[in-house]
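Topology and contacts: notes
As a plain string of letters, each chain reads:
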Amino acid sequence: MAHRDWGVAFVAPGTAYDSAVHGTRRDAPVEKVTLVEREPDGRARLALTIGRSGGTLYDPGAARWCFLSRELADGSVVLVAQGYVLPLPLGDGDDDATTLEVNCSPYDYAAGEAAILSALQDLPLYDGVLVAPEARGDKVEVLDGAFSAIHCHRATHAFSRVDLFGVGLPVVTIDTCFSPGPSKAQVGDPLSGVFLELTAEWVERRAGKLDLTDAIRDAFPATDGLIPTLSGEAFANTWWKAGDSFNGDSGYTVVEASLVEWTGDVGPTGVALSRSYGPVTAPGAVYNYVRDPDLTTPLGVELSLEATLWQPTLAFSWYLEQKRVEVASGYLPSGHQGRQAGNNAVLRLRCQDLQRSATGAPWEAGTVYATGDLVTVGWRAYEAASDHAAGDVFGADLAAGRWSEVASNGSPLGSPAATTYFRTARGVATINAALFKARALIADSIRCVEIVFRCPVLDAYLGLTTGSSVRLVTPTDLLPGGEVTAKVYAYELHSSQDDEYLEITLRAAIGSGTAVDVAGAEQWLTENAQAWDYIRWAREAGSPPISLPPTGSPRSVTTFSNLADVQLAYVQARDYDPDAGRTDPDATDPDVLLREARTTVEIALTQVAGVPDLRHVVPLLVDPYQGPRQFDTGL
């Protein structure tokens, strides 16, 4: 067939195609038709070379929409392409002809493309965690994990996502090629594999109350939970006060603290109490005139020391901010034919916004809330326990029972207190999305056999697009077995008075085609559910380092020094004793000695501030990606 079989109608935009009306129109003397569609472009471009009509070069004027039709062998007419004529016709250097360029897509191509991209912005192929916030709508980022392209049909303008291996696409058999037959070339080098490194960073946040009151009281069963000391008020003056920070910027603040002197003869639970500790010896006023005629060393006097019993309370609030760095790393091998080690890619990805809460908006004073509403306050999430109008201060509403804290804040981490990400279900989804990106790199690299051929413009071939696959059957040594089936990479239709042909480019993959059995796999993923498309993977066993004990609260060790019985022993070993040579009245004074052995208390707490970053590596064990065996290399 020649160019005279083409119907060309120029109409106003928005006109619906009618084959009976538009299919037979010849609105311009078309000398040449060139229709080009390439996979990366997503849409076709039509070039119409139009000669003079009535001595004037054709100008579509306001009718800037073009229908290109073709009469088939059975006499019917088919719409081959439609689109809008570009505003400025491009001269081709011929004064007797002009070339009109037509974009074979709707005016709002971007909107159709955006609809496909929007549907793709979801797990498992796409994870916004792996994309910078400002790039989350970017076409390249959205398609990065899907081995697919966006396709706009040149005749219907229907948008679709097409698998680049051709899975699910219509297949047209072509068994007629123009001489000298197809050509074959390799496009790029297939990857041996992809090293994957995923990094997640966040700040683990926890807060709580550590009440030591019962532990301290339980340390003194003999005195019924009361602290016995011979230091009296001096010990009380060293006790903490509510509001004190503990040991500087340690993450602890005293919220409850008191020492109340117990004056009864029995303790809080009825235990009999004794406050007398002794005896100790002090210098008296009587001398032994026989042994000490010079009256230099008075006789000693025995006496008892009076203990004070204190009932303690002590509690701390604590706040932990612990930076965590978790790295999931592994290697995805390619299983393609003739694989050789060495040609590897490296894919490093960093997780974004892991702690961004998706649970409610920040709490605002004066807002009317209904039961069940969710808000965030700082790094915590809360659910409204009742219908109410918010007050001026959230803390007051919380204390009034209007809110209850919820464990999950809706972030990818799930909780401010998360200690791991890649060992959670949400983290597994991120690993899957990253492996899809690595798979796409391998898939693109193994689709590396380019086959180009020319064939006649037969009716059966008019519907071919880059959203189709071709089964090329031709006796040639270039094609193992004389045939190959692969997706169309480029489609060119050339029609003029002198010649007419199709030039079709296929891209075939050299995967192994080996079926993968996922039975018993810890994890697996696939985009198109073909037997060769599955990837099995697992995580090596391990646990993240802990920031707090398994109880989830800090540990504490409380140590008392120089309690009443120790103080007594200290004084007795140093009190007045002329026989032992201890006769200095000041040095042996019990009050002086007790000041040397004052009761003290030390508390050791789990460190919750100033702790170095906690790092954790999650090794990934990944089986090879096999891919389809569309072209047999013989290896």
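Refer to the structure presented above.
The structure contained in this document is the topic of the report that follows.

Conventions adopted
- Residues numbered from 1 in each chain as written.
- Predicted model: local features only at pLDDT ≥ 70, side-chain atom pairs only at ≥ 80, totals over all residues.
- Heavy atoms only, no water.
- Helix = DSSP H or I, 4+ residues; strand = E, 2+ residues; numbered from the N terminus.
- Rg over C-alpha atoms; globule rule 2.2 N^0.38 Å.
- Areas by Shrake-Rupley, 256 points an atom, 1.4 Å probe, with all protein chains shown as cover.
- Lys, Arg positive; Asp, Glu negative; His and termini not counted.
- Charge placed at Lys NZ, Arg CZ, Asp CG, Glu CD.
- Core = buried A, V, L, I, M, F, W, Y, C linked by side-chain atoms within 4.5 Å.
- Buried < 20%, exposed > 50% of the residue type's maximum accessible area, 1.4 Å probe, protein only.
- Contact = heavy atoms within 4.5 Å.
- Pairing = 2+ DSSP bridges.
- Phe/Tyr/Trp six-rings, centres within 6.5 Å; stacked < 30°, edge-to-face > 60°.
- Salt bridge = Lys/Arg side-chain N within 4 Å of Asp/Glu carboxyl O.

Further remarks concern the overall build of the protein chain. Scanning the protein chain from terminus to terminus reveals nine helices and 33 strands. The globule rule puts the C-alpha radius of gyration for 635 residues at 26 Å, and the 43 Å found for the protein chain is more than 25% above it. Each of the three principal axes of the protein chain carries a C-alpha extent, and together these read 155 × 60 × 45 Å. Here the protein chain has roughly 29300 Å² of accessible surface; of this, 50% comes from carbon and sulfur atoms. Averaging the locations of the 48 positively and 81 negatively charged side chains of the protein chain gives two centres separated by 6 Å.

By size, the foremost hydrophobic cluster in this structure holds 91 residues, and its most contacted members are Phe10, Leu48, Ile504 and Leu506. For this core, the element with the highest residue contribution is helix α7 (residues 425-446), accounting for 10 residues. Counting residues in hydrophobic clusters, the runner-up holds 25 residues, among them Leu212, Trp239, Tyr252 and Val601.

Now for the side chain of histidine 22. Topologically, histidine 22 is positioned in helix α1 (residues 19-22). On the basis of relative accessibility, which here comes to 6%, the residue histidine 22 falls in the buried class. Each residue touching histidine 22, except ones within four places of it in the same chain, is listed here: Ala9, Val11, Thr15, Ala16, Tyr17, Phe67 and Ser69.

Below, the discussion takes up the sheet that holds strand β24 (residues 403-406). Two orientations exist for strands paired in a sheet by backbone hydrogen bonds: parallel and antiparallel. Ordered by their spatial adjacency, four strands build an open sheet running β19-β21-β22-β24, and the pairing between neighbours is mixed. A single partner strand is all that each edge strand has here, and the edge strands are β19 (361-362) and β24. Here two bridges tie β19 to strand β21 (residues 374-377), and the two strands are oriented parallel to one another. Bridging across to β21, alanine 361 finds its partner in valine 375.

Next up on the list: the pairing of strand β18 (residues 344-350). Alternating residues of β18 divide into Ala345, Leu347 and Leu349, all buried, and Asn344, Val346, Arg348 and Arg350, none buried. Examined bridge by bridge, strand β12 (residues 193-211) and β18 share seven bridges and lie parallel to one another. Bridge pairing in β18 links leucine 196 to leucine 347.

Quick look at the packing of aromatic side chains now. Inspection of the entire model under this criterion finds 22 aromatic pairs. Relative to phenylalanine 316, the ring of tyrosine 252 has its centre 6.3 Å away and its plane inclined at 80°; by these criteria the two rings are edge-to-face. In this pair, tyrosine 252 sits in strand β14 (residues 252-261) while phenylalanine 316 sits in strand β17 (residues 308-333), placing the two residues 64 residues apart along the sequence. A relative accessible area of 3% means that tyrosine 252 is categorised as buried. With centroids separated by 5.5 Å and ring planes inclined at 70°, the aromatic side chains of tryptophan 363 and phenylalanine 394 adopt a geometry described as edge-to-face. Remark: phenylalanine 394 occurs in helix α6 (residues 394-399) and tryptophan 363 occurs in the loop between β19 and β20 (368-369); sequence separation between them is 31 residues.

Next up on the list: the environment of proline 228. Topologically, proline 228 is positioned in strand β13 (residues 227-229). The buried category is assigned to proline 228, whose relative accessible area is 9%. For the pair proline 228 and threonine 296, spaced 68 residues apart in the sequence, the C-alpha separation amounts to 37 Å. In contact with proline 228, not counting residues within four places along its chain, are Phe220, Thr223, Tyr277, Thr308, Leu309, Leu563 and Ala564.

Quick look at the environment of valine 271 now. With respect to the element layout, valine 271 can be found in the loop between β14 and β15 (276-287). Given a relative accessible area of 28%, valine 271 falls into the partly exposed group. Residues valine 271 and proline 221, spaced 50 residues apart in sequence, show a C-alpha to C-alpha distance of 9.0 Å. Contact partners of valine 271, with chain neighbours within four places excluded, come to Ala222, Asp224, Asp265 and Val266.

So, on to the pattern of salt bridges. Counted under the stated rule, the structure contains 32 salt bridges. Arginine 154 is paired through a salt bridge with glutamate 37; the nearest N and O atoms lie 2.8 Å apart. Taken together, the residues span a long stretch of sequence, with arginine 154 in the loop between β8 (148-152) and β9 (159-163) and glutamate 37 in strand β2 (residues 30-38) at a distance of 117 residues. For the pair arginine 154 and glutamate 37, a shared accessibility class is recorded, and that class is buried. With a closest N to O distance of 2.6 Å, glutamate 256 and lysine 209 form a salt bridge. Placement of the pair is glutamate 256 in strand β14 and lysine 209 in strand β12, with a sequence separation of 47 residues. A residue is classified by how much of its surface remains accessible, and lysine 209, at 47% relative accessible area, is partly exposed. A single network of salt bridges, built from pairs that share partners, joins Arg161, Arg439, Glu527 and Asp533.

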